Amino acid sequence: MLKSRKELDAELGGAARAWLDEALAEAAHDAARTTAASGTPHPEASPYVSPPWELRYAAAGRHCGQENADSVRSLLLVEARAPLSSVTRLYEQGAAAERRAVLLTLHRLDLGDTALPLVEDALRANDTRLVAAAVGPYAADHLDPHAWRHAVLKCLFTGVPVAAVARLDDRARGDSELARMLGDFADERTAAGRAVPEDLRTVLALTALTAPADGGAHRATPTAAPAAPAPTEES
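All values derive from a computational prediction rather than experimental measurement. Sequence order as written defines residue numbering, which begins from 1 separately in each chain. Reporting of local features is limited, given that this is a predicted model, to residues whose pLDDT is at least 70; pairs of side-chain atoms are given and counted only at 80 or more, and all residues count toward the totals for whole chains, interfaces and linings. Each side-chain value is worked out from all heavy atoms of the structure, with water and hydrogens disregarded.

**Student:** I would appreciate a short explanation of the overall build of the chain in the present structure.
**Tutor:** The secondary structure listing takes helices from DSSP runs of H or I that are at least 4 residues long and strands from runs of E that are at least 2 residues long, numbered from the N terminus. In terms of regular secondary structure, the chain is built from 13 helices and 2 strands. Counting every position in the chain, which comprises 235 residues, the buried fraction comes to 44%. Pairs of residues are marked as contacts when any of their non-hydrogen atoms sit within 4.5 Å. Taking as baseline every contact in the chain between residues at least 6 positions apart, the subset at least 24 positions apart corresponds to 69%. Note on areas: Shrake-Rupley, 1.4 Å probe, and residue coverage restricted to the protein chains presented here. Of the accessible surface of the chain, which amounts to about 12100 Å², a share of 54% is contributed by carbon and sulfur atoms. Relative accessibility thresholds used throughout: buried, under 20% of the residue-type maximum; exposed, over 50%; partly exposed, between the two (1.4 Å probe, protein chains only).

Now the structure itself:
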């Protein structure tokens, strides 16, 4: 979970707090400068020139501790009102931890759906930290139904807890196509003699819920996931 500035100030030592103050001031200065130069709050900067705060972004873990790096990087992105060019550069050139911080912050930036390629890239990765970060609020708001369903399956396939999927209840509810895909996945696991993840049953149960006119929810007849195969003498 990302920490607030107040929480960071309470945890960081004096040198780290001073470094963070300077880093955020640089980010705010860059945001104000680009706004004044263009008259718009989110001008698109050159993809070849990195403002000073981006160098701070990479160094966050070294100065504030790895346990605080995601939160510090997120604050920098928000303070800088990072445009797509900066977000893309930091993602493409960064290590996995720097990419994760970008993904965790996308929903706090005014980017519309323009950053979807970064989410799609993370969902193609086998790094479960990136997959978990990619299925946050930004993905919930902007992934189309087909891509979102495959993101859920990616979580099940890689072992990322579905609790990481933002707005899972809303988007899975009544989704018969997702239910079909889950059933197929469960069939494949069972045929291969592998256990069906409990998270699959959780999502499958959500697909059986529909939202009536009164805003509540009632359960439709669910499609059951296949049971695990009975053990044989060979097993």
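**Student:** What exactly am I supposed to notice about empty space enclosed by the protein here?
**Tutor:** Rolling a probe over the atoms, with the probe sized like a water molecule, indicates the empty space that remains. Only protein atoms enter the calculation, which uses a 1 Å grid: trapped sets of points that fit a 1.4 Å probe without letting it out are cavities, open sets showing protein on both sides within 12 Å along at least five of seven lines are pockets, and any residue with an atom within 4 Å of a point is a lining residue. Grid points are joined across faces, edges and corners, and a volume is the space filled by probe spheres set on the points. Considering all chains together, one arrives at 1 cavity of 30 Å³ or more under this definition. Considering only enclosed or pocket space, the largest cavity measures out at about 30 Å³ in volume. Every residue lining the largest cavity is listed: Leu-103, Leu-106, Val-119, Ala-133, Ala-134, Gly-136, Pro-137, Tyr-138 and Ala-139. Listed by contribution, the elements that provide at least two residues to the lining of the largest cavity are helix H8 (128-134) and helix H9 (137-142). It is H9 that contributes the most residues to the lining of the largest cavity, 3 residues altogether. Counted by class, the lining of the largest cavity contains 8 nonpolar, 1 polar and no charged residues. Note on residue classes: Ala, Val, Leu, Ile, Met, Phe, Trp, Tyr, Cys and Pro are nonpolar, Asp, Glu, Lys and Arg are charged, and everything else, Gly too, is polar.

**Student:** What am I meant to see in the environment of Arg-171 here?
**Tutor:** Mapped onto the secondary structure, Arg-171 falls in helix H11 (residues 168-172). Setting aside chain neighbours within four positions, we find Arg-171 in contact with Ala-139, Ala-140, Leu-143, Asp-144, Pro-145 and Trp-148. Here a polar contact means two N or O atoms within 3.5 Å. Within protein one must be a hydrogen donor candidate and the other an acceptor candidate, and residues neighboring in sequence count only if both atoms are side-chain atoms. A polar side-chain atom of Arg-171 sits 2.9 Å from the main-chain carbonyl oxygen of Leu-143.

**Student:** When you look at the nonpolar core in this model, what are you seeing that I'm missing?
**Tutor:** It is characteristic of soluble globular proteins that their nonpolar side chains tend to be buried jointly. Counting residues in hydrophobic clusters, the biggest one holds 66 residues, and the most contacted among them are Val-102, Leu-103, Leu-106, Val-119 and Leu-168. Sequence-distant contacts of Leu-103, defined by excluding residues within four places in its chain, comprise Tyr-91, Leu-118, Val-119, Ala-122, Leu-130, Ala-133 and Ala-134. Side-chain atoms within 4.5 Å are what join buried Ala, Val, Leu, Ile, Met, Phe, Trp, Tyr and Cys residues into a set we call a nonpolar core.

**Student:** I tried to follow the side chain of Arg-149 on my own but got confused; where do I start?
**Tutor:** Secondary-structure assignment places Arg-149 in helix H10 (residues 145-158). One polar contact links Arg-149 to Asp-175, side chain to side chain, over a distance of 3.0 Å. Apart from the residues within four sequence positions on either side, Arg-149 is in contact with Asp-175, Glu-177, Leu-178 and Met-181.

**Student:** What exactly am I supposed to notice about the pattern of salt bridges here?
**Tutor:** A pair can form between side chains of opposite charge whenever their charged atoms are brought close. For this analysis, a salt bridge means a side-chain nitrogen from Lys or Arg found within 4 Å of a carboxyl oxygen belonging to Asp or Glu. The final tally for this structure, using the stated rule, is 18 salt bridges. Of the charged contacts in the structure, one is a salt bridge between Arg-56 and Glu-22, with a shortest N-O distance of 3.3 Å. Of this pair, Arg-56 sits in helix H3 (residues 52-64) while Glu-22 sits in helix H2 (residues 14-38), and the two are 34 residues apart along the sequence. With a closest N to O distance of 3.7 Å, Asp-121 and Arg-99 form a salt bridge. Placement of the pair is Asp-121 in helix H7 (residues 116-124) and Arg-99 in helix H6 (residues 96-105), with a sequence separation of 22 residues. Overall, the relative accessible area of 27% leaves Asp-121 in the partly exposed class. One network of salt bridges, in which partners are shared, links Asp-141, Arg-167, Asp-170 and Arg-173.

None of the figures reported here should be taken as evidence of function without further support.
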